[in-house]
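A look at the structure
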Amino acid sequence: MTLTPPLILVLMLGLTGAQATVDLRTAAAMAAGLCKTRPTDLVFIVDSSRSVRPSEFEQVKVFLAKVIEGLDVGPNATRVGVVNYASRVKNEVSLKTHRTKAGLIKAVTKVEPLSTGTMTGLAIQFALNVAFSESEGARVKSPDISKVAIIVTDGRPQDNVKDVAQRARDAGIEIFAIGVGRVDMSTLKQMASEPLDDHVDYVESYSVIEKLTKKFQEAFCACSNSATDVVFLIDGSKSVRPENFELVKKWINQIVDKLDVSDTKAHVGLVQYSSLVRQEFPLGRHNNKRDLKEAVKKMAYMERGTMTGQALRYLTDKSFSIGHGARPGVSKVGIVFTDGRSQDYIGDAARKAKEMGFKMYAVGVGNAVEDELKEIASEPTGEHYFYTADFKAMTQIAKKLQINICQEEDPCECDSLVKFQKKVEEALQALTRKIENMSKRIALLENKIV
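What counts as what
Residues numbered from 1 in each chain as written. Predicted model: local features only at pLDDT ≥ 70, side-chain atom pairs only at ≥ 80, totals over all residues. Heavy atoms only, no water. Axes fitted to C-alpha atoms, helices over the stretch in contact; angles between N-to-C directions. Helix = DSSP H or I, 4+ residues; strand = E, 2+ residues; numbered from the N terminus. Parallel < 35°, antiparallel > 145°, perpendicular 65-115°, else oblique. Contact = heavy atoms within 4.5 Å. Nonpolar A, V, L, I, M, F, W, Y, C, P; charged D, E, K, R; others polar. Buried < 20%, exposed > 50% of the residue type's maximum accessible area, 1.4 Å probe, protein only. Phe/Tyr/Trp six-rings, centres within 6.5 Å; stacked < 30°, edge-to-face > 60°.

What follows is about the packing of helix α3 (residues 54-69) against helix α4 (residues 101-109). Angle between the axes and distance between the axes are the two parameters that describe a pair of packed helices. At a minimum axis separation of 9 Å, α3 and α4 run at an interaxial angle of 170°. When the axis of α3 is compared with that of α4, the two are roughly antiparallel. Taken together, the residues of α4 that come into contact with α3 (itself represented by K61, L64, A65, I68 and E69) are K101, L104, I105, V108 and T109. In the contact of α3 with α4, the residues fall into six nonpolar, one polar and three charged.

Spelled out as structure tokens, the structure:
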């Protein structure tokens, strides 16, 4: 491993043991800028009611600081705000206030508990009206900028949270709810975004809240440097119906919004199938989101049978071929959508797609057969197949489906801060042992000379 400048500085100063380990963590944190995060307006909403003891509130602040350490903080990257609440609400840090990690973390350490009641609904309303406003530093709503709120609470709200949380989510704010101790779990679920498994967390006490640090560091770490070829394979059979086919097109464009579409990053192709297979457009034809989304909107509904096996064969034989725009050496992702049972055999084609190294996602609605979806999906199956009974619920699938292809061997490109930090810590621990052994040898030599 190449030594980073901060690590070289540790050696020059001659630090060993615990001192060197502390400086290693600093070095890893400084290197975290290499792990770029998606541009995000992030607001922490922190409960400091009287049930939260001062020592516990200090642990919450440590958690906040550690999550911030893993962010790519800056005016054009991630902006962070902190809302403190009890019976009243206090805007401790605005999204516009601090543009560096050091400034943010210093501000977090100065936050004091309010020690009164628990008006969580009031705090969410404040975040919606004030903390996420442009006047406080929030950016204009855009598909390229995420809006995220992380709520930390240990009690039962003394006001209504369901309706105000719904308004916040409808405004495009993704809500994570963290409950501690004797928290009311039902209200956490009322606040959080779907899927709840990803957005609701519980810890038994504030002393272990730090164990959630890794989750949130990795949640905000994006693989911005990865080139990916993505092909949608869309069921256009008559059972879908025209009004639902329009919802499918909107769903495709929701996923496109999450991709970094450009000449060098994500390329997207679209294939529709029913009794026949039709390529709507190949990979590389549209390399900006606007043109790509317009092309998706223009897709005409085929309205016949459901030959999913034939469509999968088209994907493996043609869609990801160089002749159809695929790039050599680039990760390949197939997203298959269907609303019913296939009228032909899918096993061989599904297996071939995975054997060729394609990452396959299977999405089913209505009468789709879950066994077929699992057969299409890559391992682990639970992360690569999705089902909903209702076309209107496809929005939640779009939010859950993550197409981040990372080259794990290269932490400088897109590995998470946590993994990179671990690698550096292991390197320095080994180096520390060498230095200690060297120090002992020098001491022995000095004794012999004397």
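This is not the end of the story, as more comes after the structure.
This part is about unusual backbone geometry. Omega for the peptide link from E194 to P195 comes to -5°, which places this bond in the cis form. Secondary-structure assignment places P195 in the loop between α7 (185-191) and α8 (196-199). A positive phi angle, near 65°, is found at E303, a position not held by glycine. On the secondary structure map, E303 appears in the loop between α11 (289-297) and α12 (308-319). E303 sits in the partly exposed class, given a relative accessible area of 44%.

Here we come to helix α13 (residues 347-355). Listed as buried for α13 are G347, A349, A350 and A353. Looking at the buried side of α13, the elements it contacts are α12, β11 (359-365) and α14 (370-376). Following α13 by one or two positions, G357 has its phi on the positive side, about 90°.

Bringing the packing of aromatic side chains into the picture now. Here the structure, examined in full by the defined rule, presents four aromatic pairs. Aromatic pair F320 and F358: ring centres 4.6 Å apart, planes at 50°, arrangement tilted. With F320 in the loop between α12 and β10 (331-338) and F358 in the loop between α13 and β11, this residue pair connects regions lying 38 residues apart in the sequence. Take F320: its relative accessible area is 9%, and that puts it in the buried class.

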